[in-house]
Amino acid sequence: HVQLVESGGGLVQAGDSLRLSCVDSGRFFSRYAMGWFRQAPGKDRDFVAGIRYSGENTEYADSVKDRFTISRDNTKNLVTLQMNDLKPEDTGVYYCAAAPGIATSPSFWQYWGQGTQVTVSS
């Protein structure tokens, strides 16, 4: 069973950095790929980044490549998203998710956190 809780969101200015964290209180964290999605008001939930269960493989949306880094610590049931050089278009609710593998479609992901708001002002 997977229970995800995100933290680390906030209001920042363009060019700033934020680090999002997601902790799983369940027992099987290391068996799942983990991902981050974001959803802007009135828009679909979009894939941002994913990392396989071992941490050896990662994937990113083109819009965040070279700015965002996903990582995980299986000893702490923790996945993080380091976001650098933030832009106003990065604004949205960021969700942590777990699934057997990585896919860009939200429907593939089995477990979701409650989300954390990120707002980037220009």
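Described in the following lines is the structure provided in the data block. For every chain, the first residue of the written sequence is number 1, and numbering continues from 1 onward in sequence order. Whole-chain, interface and lining totals are the exception, using all residues; otherwise, since this is a predicted model, local features are given only for residues with pLDDT of at least 70 and side-chain atom pairs are given and counted only at 80 or more. Side-chain measures here rest on the full set of heavy atoms in the structure, leaving out hydrogens and waters.

**Topic: the environment of Leu 86**
Part 1 of the argument: Helix and strand definitions follow DSSP, with helices as H or I runs of at least four residues and strands as E runs of at least two, each counted in order from the N terminus. Tracing the backbone through its elements, the reader meets Leu 86 in the loop between β8 (78-83) and β9 (92-99).
Part 2 of the argument: Taking the C-alpha atoms as reference, Leu 86 lies 14 Å from Gln 117; in sequence the two are 31 residues apart.

**Describing the side chain of Arg 67**
Part 1 of the argument: Within the secondary structure, Arg 67 is located in the loop between β6 (58-60) and β7 (68-73).
Part 2 of the argument: Residue exposure (1.4 Å probe, protein chains only): buried if accessible area is under 20% of the type maximum, exposed if over 50%, otherwise partly exposed. Look at Arg 67 and you get buried, because its relative accessible area is 9%.
Part 3 of the argument: The term polar contact refers here to a pair of N or O atoms within 3.5 Å; inside protein, the definition further demands a hydrogen-donor-capable atom paired with an acceptor-capable atom, and it admits residues adjacent in sequence only when both atoms are side-chain atoms. Reaching out from Arg 67, the side chain makes a polar contact with the side chain of Asp 90 at a distance of 2.8 Å.
Part 4 of the argument: Here, residues are in contact when the closest pair of their heavy atoms is within 4.5 Å. When sequence neighbours within four positions are dropped, the list of residues in contact with Arg 67 reads Gln 82, Met 83, Asn 84, Asp 85, Leu 86, Lys 87 and Asp 90.

**Things to note about the pairing of strand β5 (residues 45-51)**
Part 1 of the argument: The buried count for β5 comes to 5 of 7 residues, which makes it a mostly enclosed element.
Part 2 of the argument: Between strand β4 (residues 33-39) and the antiparallel strand that follows it, β5, lie 5 residues; Gly 42 among them carries a positive phi value of about 75°.
Part 3 of the argument: Pairing between two strands is assigned when DSSP locates at least 2 bridges connecting them. With 3 bridges connecting them, β5 and β6 associate as antiparallel partners. If you follow Gly 50 over to β6, its bridge partner there is Glu 59.
Part 4 of the argument: The antiparallel pairing of β5 with β6 creates a hairpin that spans 6 residues between the two strands, and Gly 55 there sits at a positive phi of about 85°.

**Section: the packing of aromatic side chains**
Part 1 of the argument: For this analysis, a ring pair means two rings from Phe, Tyr or Trp (six-membered ring only for Trp) whose centres lie within 6.5 Å, classed as stacked if their planes differ by under 30 degrees, edge-to-face if by over 60, and tilted for the remaining angles. Enumeration according to the criterion identifies 6 aromatic pairs in this entry.
Part 2 of the argument: Centre to centre, the rings of Phe 37 and Trp 109 are 5.6 Å apart; their planes meet at 75°, and the pair counts as edge-to-face. Placement of the pair is Phe 37 in strand β4 and Trp 109 in the loop between β9 and β10 (111-112), with a sequence separation of 72 residues.
Part 3 of the argument: Seen in terms of ring centroids, Phe 108 and Trp 109 are 6.4 Å apart; in terms of plane orientation they differ by 85°. Their pairing is edge-to-face.
Part 4 of the argument: Residue Phe 108 is classed as partly exposed on the basis of its relative accessible area, which comes to 38%.
Part 5 of the argument: You can call Trp 109 buried: its relative accessible area is 4%.
Part 6 of the argument: Aromatic rings pair up to connect Phe 37, Phe 47, Tyr 95, Phe 108, Trp 109 and Trp 112 into one cluster.
Part 7 of the argument: The cationic tip of Arg 45 hangs over the ring face of Tyr 95; the distance from NZ or CZ to the ring centre is 3.6 Å.
Part 8 of the argument: Here, a charge over a ring means that NZ of Lys or CZ of Arg falls within 6 Å of the ring centre while also lying within 35 degrees of the ring normal. If you follow Arg 45 out to its NZ or CZ, it ends over the ring of Trp 112, 4.8 Å from the centre.

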